[in-house]
Amino acid sequence: MEKQVIEYTTPLDALVALVKQLNTYEHQYQIDSAEFFAQYSQGQTSDDEDFVDWAGNYQHYLALHQELDPEVA
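Here's what I pulled together on the structure shown here. Note that the structure is a prediction, hence the values are computed from the model and not measured. (Residues numbered from 1 in each chain as written. Predicted model: local features only at pLDDT ≥ 70, side-chain atom pairs only at ≥ 80, totals over all residues. Heavy atoms only, no water.)

**A short note on helix 1 (residues 11-29)**
An α-helix turns once per 3.6 residues; consequently, residues spaced three or four apart project the same way. Relative to the 27 Å expected for 19 residues at 1.5 Å per residue, helix 1 spans 27 Å between its end C-alpha atoms, a close match to the ideal helical length. Within the span of helix 1, buried status applies to Ala14, Leu15, Leu18, Leu22 and Tyr25. Along the long axis of helix 1, the arc covered by the buried residues comes to 95°, so they all point the same way. Residues of helix 1 that are exposed and angled more than 90 degrees away from the buried face: Leu12, Lys20 and His27. If you follow the buried residues of helix 1, they end up packed against helix 2 (33-41) and helix 3 (49-68). (Helix = DSSP H or I, 4+ residues; strand = E, 2+ residues; numbered from the N terminus. Expected span 1.5 Å × (residues − 1). Buried < 20%, exposed > 50% of the residue type's maximum accessible area, 1.4 Å probe, protein only. Arc of directions from axis to C-beta. Contact = heavy atoms within 4.5 Å.)

**Brief notes about the packing of helix 1 against helix 3**
Look at helix 1 against helix 3: their axes get within 9 Å of each other, and the N-to-C directions meet at 140°. Between helix 1 and helix 3, the interaxial angle falls into the category oblique. The chirality of how helix 1 crosses helix 3 is left-handed. Contact residues: helix 1 offers Pro11, Leu12, Ala14, Leu15, Leu18, Val19, Gln21, Leu22, Tyr25, Glu26, Gln28 and Tyr29, while helix 3 offers Asp50, Phe51, Asp53, Trp54, Asn57, Tyr58, His60, Tyr61, Leu64, His65, Glu67 and Leu68. (Axes fitted to C-alpha atoms, helices over the stretch in contact; angles between N-to-C directions. Parallel < 35°, antiparallel > 145°, perpendicular 65-115°, else oblique. Left-handed = near helix turned anticlockwise from the far one by under 90°.)

**Points about the side chain of serine 33**
For serine 33, the location among the structural elements is in helix 2. Residue classification places serine 33 among the buried residues on the basis of a relative accessible area of 2%. At 3.0 Å, the side chain of serine 33 forms a polar contact with the side chain of tryptophan 54. Residues in contact with serine 33, not counting those within four places in the same chain, are Leu22, Glu26, Trp54 and Tyr58. (Polar contact = N/O pair within 3.5 Å; in protein donor to acceptor, adjacent residues only side chain to side chain.)

**With respect to the packing of aromatic side chains**
Here the structure, examined in full by the defined rule, presents nine aromatic pairs. Between the aromatic rings of phenylalanine 36 and phenylalanine 51, the centroid separation amounts to 5.5 Å while the plane-to-plane angle is 45°, which identifies the pairing as tilted. Linking phenylalanine 36 in helix 2 with phenylalanine 51 in helix 3, this pair joins segments that are 15 residues apart in sequence. Each member of the pair, phenylalanine 36 together with phenylalanine 51, is buried. On the numbers, 3.8 Å between centres and 5° between planes, the contact of phenylalanine 36 with tryptophan 54 is stacked. (Phe/Tyr/Trp six-rings, centres within 6.5 Å; stacked < 30°, edge-to-face > 60°.)

**Section: the nonpolar core**
Leu22, Tyr25, Phe36, Phe37, Phe51, Trp54, Ala55 and Tyr58 form the largest nonpolar core, which has eight residues in total. Those elements giving two or more residues to this core turn out to be helix 1, helix 2 and helix 3. Examining the composition of this core, we find that four residues originate from one element, helix 3, more than from any other. When near neighbours in sequence (up to four residues on either side) are disregarded, tyrosine 58 contacts Leu22, Ser33, Ala34 and Phe37. (Core = buried A, V, L, I, M, F, W, Y, C linked by side-chain atoms within 4.5 Å.)

Structural data, given as structure tokens:
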């Protein structure tokens, strides 16, 4: 499946889109993104396309969240 590139006008728009995508994965796999990412980072999950995308989206979410609110980190 070909990936679609979407551009956002603000970091906040991108963050909202990422949260929606993370929620979709969380609902589908019945696990919180932070817990999934901890397992993924420790090699406890497969490298299925969904998991690679999910991990990338979560890393992007963390970076944007820190950019928008540096005091949170």
